[in-house]
Amino acid sequence: MSEAGQKPAPGQTSGPDGARPSGLNGAPRSATAYPVDIYVEGTLVLLLWRHGGTAARKFDVVLGKTVLPKPYLGIRLNDSIVAVVAVSSQPLARPVTACRFVDGTGNVLLDLTESVVHPLAALTARFGSREALAHLVERIVAHAPQTIPAWQDGYRQHLLALLRTDTALKVAPARPATQSTPAEPAITVPVPTAESPLRHGLVAHIDHVEGRRITGWALDRESPDRTLDLVFYVNGVEAGTAPADTPRRDLGLPDELSDHGFSVYLRSDAFSPPWREKHTLRVCTRTGGDVLIDGQPLVYQRGDELRTAQTLGKRIRNLEQSIAELREQLPAARLTGAYALADYDLWYREVYPASHLAFPEVADGATADIHFTIVVPIVAQTSLACLQQTLESVVAELGPRDRFVAVNFAQHDQAYETLVRQYCARWPRSLWVDARGRAIAPLLSAIGKRPQPAYCLFLRAGEIIAEHALRWLRIGIASQGAGLIYADSDRKDESGRHFDPVLRPDFNPDLLLTTPYVGAFAIQVGLLNALAQATADAPEGIWQYDLFLRASGQVAAGACLHIARVLTHQQDNFPAIVNVGDRKTHEAALGVVQRFVQSQSVIAPVAIDEDLYRHNPTLVRTVDTLAFRIAWPLPAQPPRVCIIVPTRNRRDLLQPCIDSIRRLTTYANYDILIVDHESDDADTLAWLAANHEEDHVRVIRYRGAFNWSAINNHAAAQSTGEILCFLNNDTEVISPDWLDELVAYARRPGVGAVGPKLLFADGTVQHAGVVIGAHGIAEHAFTG
């Protein structure tokens, strides 16, 4: 290709001075113009990036040798310009500096050897109107305090000073243009109003308003694959945010483009005094500020929920005759007050903090001697910014006798070691360990050399530790003497929004054998030392699973403690690091479970559950989605099973049930005991008479008032089976090996009862287990 025909790589420049060939809105640019303008006031940094269509939602910014710590605020000014607001760890005093933007996948979006650093006051010269500058300043002042943790009150004054200056906004450009090259035009940002037309084909609709909960949909008709991030204002005050990303099949779009629904629970503090019965709602896009809906009326009075709860409480206390009625109302009241999963961030900020700070009481000094080594893994996908956030969260939680160990599994850049050693200087007992090419076993042995009582907390790559996390771990260890301890987690994006919670169950050995569900965990150092040499030399995520699985087999069930608190956050810009479809990882994962099953003196084949991925084709094969199927063996002489089926009339249900058992069941040693509870339908009675003592079937009678327990107990007393299978008459068998599977589980040591997943006729779940305590007593899991 000739020189004239060459094209720059994405994010790179085409000229020797780092300049792009065109300016704003396609106008020619001068030789001194750059794709990014940098404005600085102390440690406050504002960049105007003309991205030329290469804009990404998430990227790392490096100015000179300074990595701007995340998160930072991004504001779209028009189709080609983004304002990026950040707080630097040190002032940028040099007039010229290098500038580099890199997205989360490592693609270089911008790479300049030098860029001019301007004072913040020069920003007024870049705007074509005071309204445009005011719009930008207002957006920064409104959102930066919630988005940028390092934001300081003084920055607000610097920004507002730009609007008070006597200098006219329409002045000469900050960089002089040559006579032969026109100057770059000033930036003019359209300020959206309620009357201005929506740009880019944006449309939105409110479906339902119930108190503070708002549901509806929003989409860009010209780019239906784009997800709109929405901001909700009540009476002009920001009251919540939500992405429009839930399925809406009613919009008439293809399934792959139909995720444009939203549901948001507005903050109560937005409905502030002066009290009013009616409020107005405005919905805007987060980037661009386009007004989608304006003037939507809301009828809500702050305190309604509290007064309702007080009224119910008073009735319960004072009117004993109303107790039965109130108990019937409680399930519906709980559903009304519950937060939807889409409102997890709101729940995390409004409800969770009170319980998170309600620490249980422990004996004085019980936690003083419990100290931690926090292991921070560094893998190929770990960026410097990601590592810095992890280390910041870790050192904020360390106690006087705690330490961290940063273990480098894959990075070759010296900058990683330099960054870690800066933190080691602040915490002298901490270590940088280069583990590239080293086996896992000796590495664990070296980490575990600490005096008792000590614990190692193994974070997963890309995780940050939550505030008070170590205190919660110490309390759990002190109160229950745990050898293994784990907690809940979620994901956190650059703006601080929490989403995708993983709320784990208490220790479940069967679940652990079928998926590595525990995430980050802490292990007692003595137990770690005993198991270090046996731990598999496997990829990231697999060796931790192997270690936890082995350790769980060495301690009593009560010593595997789950703390029902969100103690770690996975950074949203950190990708999944292990592809289970990779052959090496696939074999390593299977080997972990196979070795554990064999250690229990059981011969049972283990396979990755391909049904999971077949029914969920978009699911990425990672450690977090890993699932195994274990074919537990039947005894050489399979036990006799009695299938008990109560019924009253309804041949239309009973006959398909019995026929499906006879037609499909591969397990041979069974019989069917039908319990007829006073059927009086002639058709049903004729069918029962014809099938009595035919092909595994026997019919017995039960007389008396309906009592489900009594009916089944009556049948159990007349059964000759070693195992009883209780089956409703409205079920049908769909898997030939259903009884083989149930009996194999039932015969395992320690198992008293086992149940299958039940499906409705349309294939959705009727129940996959029972959750105790839901709706006051119990409820089926995953219904629908």
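Whatever comes next refers back to the structure up there.
These notes cover the structure that comes with them. (Residues numbered from 1 in each chain as written. Predicted model: local features only at pLDDT ≥ 70, side-chain atom pairs only at ≥ 80, totals over all residues. Heavy atoms only, no water.)

Moving on: the pairing of strand S7 (residues 96-103). Strand direction decides the pairing type here: strand S3 (residues 59-63) and S7, joined by five bridges, are antiparallel. By the bridge assignment for S7, Phe59 is matched with Asp103. Linking S7 back to strand S8 (residues 108-119) in an antiparallel pair, the connection comprises four residues, with Gly106 at a positive phi of about 95°. (Pairing = 2+ DSSP bridges. Helix = DSSP H or I, 4+ residues; strand = E, 2+ residues; numbered from the N terminus.)

Within a beta sheet, neighbouring strands are joined by backbone hydrogen bonds and run either parallel or antiparallel to one another. One open sheet holds the four strands; their spatial order is S30-S29-S28-S31, and the pairing between them is parallel. Since the sheet does not close on itself, it has two edges, and those belong to strand S30 (697-702) and strand S31 (723-726), each with one partner. Averaged over all pairs of adjacent strands, the angle between strand axes in this sheet comes to 25°, irrespective of strand direction. Pairing of strand S28 (residues 641-647) with S31 involves four bridges; the strand directions are parallel. (Axes fitted to C-alpha atoms, helices over the stretch in contact; angles between N-to-C directions.)

A few words now on the packing of aromatic side chains. Applying the stated criterion to the full structure yields 21 aromatic pairs. With 6.1 Å between their ring centres and 40° between their planes, Phe372 and Tyr455 make a pair best called tilted. In this pair, Phe372 is assigned in strand S17 (residues 371-378) and Tyr455 in strand S20 (residues 454-458), connecting sequence segments 83 residues apart. The same class applies to Phe372 and to Tyr455, which are both buried. Three or more aromatic residues joined by ring pairs make a cluster, and in this case those are Phe409, Phe458, Tyr486, Tyr517, Phe521, Trp543 and Phe548. A cation over a ring is seen here: Arg565 above Trp472, with NZ or CZ 4.8 Å from the ring centre. (Phe/Tyr/Trp six-rings, centres within 6.5 Å; stacked < 30°, edge-to-face > 60°. Buried < 20%, exposed > 50% of the residue type's maximum accessible area, 1.4 Å probe, protein only. Lys NZ or Arg CZ within 6 Å of the ring centre and 35° of its normal.)

Our next topic: the pattern of salt bridges. Counting across every chain of the model gives 31 salt bridges. Residue Arg100 is joined to Asp111 by a salt bridge in which the shortest nitrogen-to-oxygen separation is 2.8 Å. Here Arg100 is found in strand S7, whereas its partner Asp111 is found in strand S8, with 11 residues between them in sequence. Overall, Asp111 belongs to the partly exposed group, its relative accessible area being 31%. Residues Asp624 and Arg460 are paired through a salt bridge, measuring 2.5 Å at the closest nitrogen-oxygen approach. Of this pair, Asp624 sits in the loop between helix H15 (610-615) and strand S27 (628-630) while Arg460 sits in the loop between S20 and strand S21 (463-465); the two residues are 164 residues apart in sequence, bridging distant segments of the chain. Each of the salt bridges in this network shares a partner with another, and the network as a whole consists of Asp207, Arg248 and Asp250. (Salt bridge = Lys/Arg side-chain N within 4 Å of Asp/Glu carboxyl O.)

What follows deals with unusual backbone geometry. The residue His468 is not glycine, and still its phi comes out positive at about 70°. Within the secondary structure layout, His468 lies in the loop between S21 and helix H10 (469-480). According to the relative accessible area criterion, His468 is partly exposed, its value standing at 22%. Notably, Asn649 is not glycine yet its phi reads approximately 60°, a positive angle.

On the secondary structure map, Gln411 appears in the loop between strand S18 (403-408) and helix H8 (414-426). Residue classification places Gln411 among the buried positions, given a relative accessible area of 11%. Within the structure, the side chain of Gln411 is placed 3.1 Å from the backbone oxygen of Val379, a separation counted as a polar contact. A distance of 3.1 Å separates a polar atom in the side chain of Gln411 from the backbone oxygen of Ala380. Not counting residues within four places of it along the chain, the set of residues in contact with Gln411 comprises Ile378, Val379, Ala380, Gln381, Thr382, Tyr416 and Arg436. (Polar contact = N/O pair within 3.5 Å; in protein donor to acceptor, adjacent residues only side chain to side chain. Contact = heavy atoms within 4.5 Å.)

So, about the sheet that holds strand S15 (residues 278-285). In space, the four strands of this open sheet follow the order S12-S11-S15-S16, with antiparallel pairing throughout. Each edge of the open sheet is held by one strand with a lone partner, namely strand S12 (237-243) and strand S16 (291-299). Taking the axes of each pair of neighbouring strands and ignoring which way they run, one obtains an average angle of 25° across the sheet. With seven bridges connecting them, S15 and S16 associate as antiparallel partners. Across the sheet, residue His279 finds its bridge partner in S16, namely Leu298.

Glancing now at the nonpolar core. Within the largest apolar cluster, 54 residues are counted, with the highest numbers of intra-cluster contacts made by Phe458, Ile523 and Phe628. For Ile523, the residues in contact, after removing those within four places along its chain, are Ala454, Tyr455, Cys456, Phe458, Gly483, Leu484, Leu528, Leu547 and Ala551. One finds Val376, Leu387, Leu398 and Ala406 within the second-largest nonpolar core, a separate group that totals 37 residues. (Core = buried A, V, L, I, M, F, W, Y, C linked by side-chain atoms within 4.5 Å.)

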